[in-house]
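Residues per chain are reported as follows:
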Amino acid sequence: MLAAARPGFRYLETSTISPELSRRIAEAFRDKEPMPWRPRHRLQARAERGTLLLMTGGRRETHEELMPVMMAMGQKAIYCGETGQGSVVKLIGNTYITFMLEALCETLVVAARPVFRSRRSSRS
């Protein structure tokens, strides 16, 4: 891809990758043109429906230039700062969601215990 890049080439990364990898890829393209990074935050089906939440890092000018392309896949694109910051924000979101799911699962386990149910029933 790097060898085929011509002036004006733009690249949108949609994988969940580390901020370090985002920076390494940006460095590889440094002499071509800077590009924003747009890690995906939701499911592939949402991309097809155009409802993704997108976080980008890189040059703000490139983010603005590619807004029509991003809005074909998403409903919102948030500029997060320098290259790699889109990945940072996406990974923070993933961590937050993971903690919420873990808390839900723990709650369901506790609620399903016979001791919990019998105590609750005796209060009614």
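Refer to the preceding data block for the structure.
Bear in mind the structure is a predicted one, so any value in this text is a computation, not a measurement. (Residues numbered from 1 in each chain as written. Predicted model: local features only at pLDDT ≥ 70, side-chain atom pairs only at ≥ 80, totals over all residues. Heavy atoms only, no water.)

Caption draft 1: Structural view of the overall build of the protein. A count of helices and strands for the protein gives six helices and two strands. The helix and strand sequence of the protein, counted from the amino end, reads α-α-β-α-α-β-α-α. When each of the 124 residues of the protein is scored for burial, the buried share is 31%. Across the protein, every contact between residues at least 6 apart in sequence was considered, and the portion connecting residues at least 24 apart equals 56%. Summing over all exposed atoms, the protein offers an accessible surface of approximately 8,100 Å²; the carbon and sulfur share of this is 58%. (Helix = DSSP H or I, 4+ residues; strand = E, 2+ residues; numbered from the N terminus. Buried < 20%, exposed > 50% of the residue type's maximum accessible area, 1.4 Å probe, protein only. Contact = heavy atoms within 4.5 Å. Areas by Shrake-Rupley, 256 points an atom, 1.4 Å probe, with all protein chains shown as cover.)

Caption draft 2: Expanded view of the nonpolar core. One finds Ala47, Leu52, Leu54, Leu66, Met70 and Ala77 forming the largest nonpolar core, which totals six residues. Ignoring anything within four residues of it in the chain, the contact list for Ala77 reads Leu54, His63, Met67, Met70 and Met71. Judged by nonpolar contacts, the second largest core, of five residues, contains Ala5, Tyr11, Ile17 and Ile25. (Core = buried A, V, L, I, M, F, W, Y, C linked by side-chain atoms within 4.5 Å.)

Caption draft 3: Representation of a nonpolar patch on the surface in the model. Among the surface-exposed residues, Tyr96, Ile97, Met100, Leu101, Leu104 and Leu108 lie close enough to one another that they form a single nonpolar patch of about 610 Å² accessible area. Inspection of the secondary structure puts Leu108 in helix α5 (residues 85–112). (Patch = residues over 30% accessible without salt bridge, like charges linked within 9 Å, V, L, I, M, F, W, Y side chains within 5 Å. Salt bridge = Lys/Arg side-chain N within 4 Å of Asp/Glu carboxyl O.)

Caption draft 4: Broad picture of α5. Helix length check: α5, at 28 residues, gives a terminal C-alpha distance of 41 Å against a target of 40 Å (1.5 Å per residue), a fit within 8%. Listed as buried for α5 are Gly86, Ser87, Lys90 and Gly93. In this structure, the buried side of α5 is in contact with α1 (19–28) and β1 (52–56). (Expected span 1.5 Å × (residues − 1).)

Caption draft 5: View of the pattern of salt bridges. Counting across every chain of the model gives three salt bridges. In this structure, Glu64 and Arg60 form a salt bridge, with 3.8 Å as the shortest nitrogen-oxygen distance. Of the two residues, Glu64 and Arg60 are both situated in helix α3 (residues 60–65); the distance of four residues between them amounts to about one turn of the helix. Residue Arg60 is classed as partly exposed on the basis of its relative accessible area of 44%.

Caption draft 6: Structural context of the environment of Leu91. Tracing the backbone shows Leu91 in helix α5. C-alpha separation for the pair Leu91 and Thr16, spaced 75 residues apart in sequence, amounts to 7.9 Å. If we skip the residues at most four places from it in the chain, Leu91 touches Thr16, Ile17 and Pro19.

Caption draft 7: Representation of the pairing of β1. Counting buried positions along β1 yields five of five residues, so the element is predominantly enclosed. Of the two faces of β1, the one holding Leu52, Leu54 and Thr56 and the one holding Leu53 and Met55 are both buried throughout. As paired elements, β1 and strand β2 (residues 74–79) share five bridges and run parallel to each other. From the neighbouring strand, Met55 faces β2, where its bridge partner is Ile78. (Pairing = 2+ DSSP bridges.)

Remember, this is a structural readout, not a statement about activity or role.
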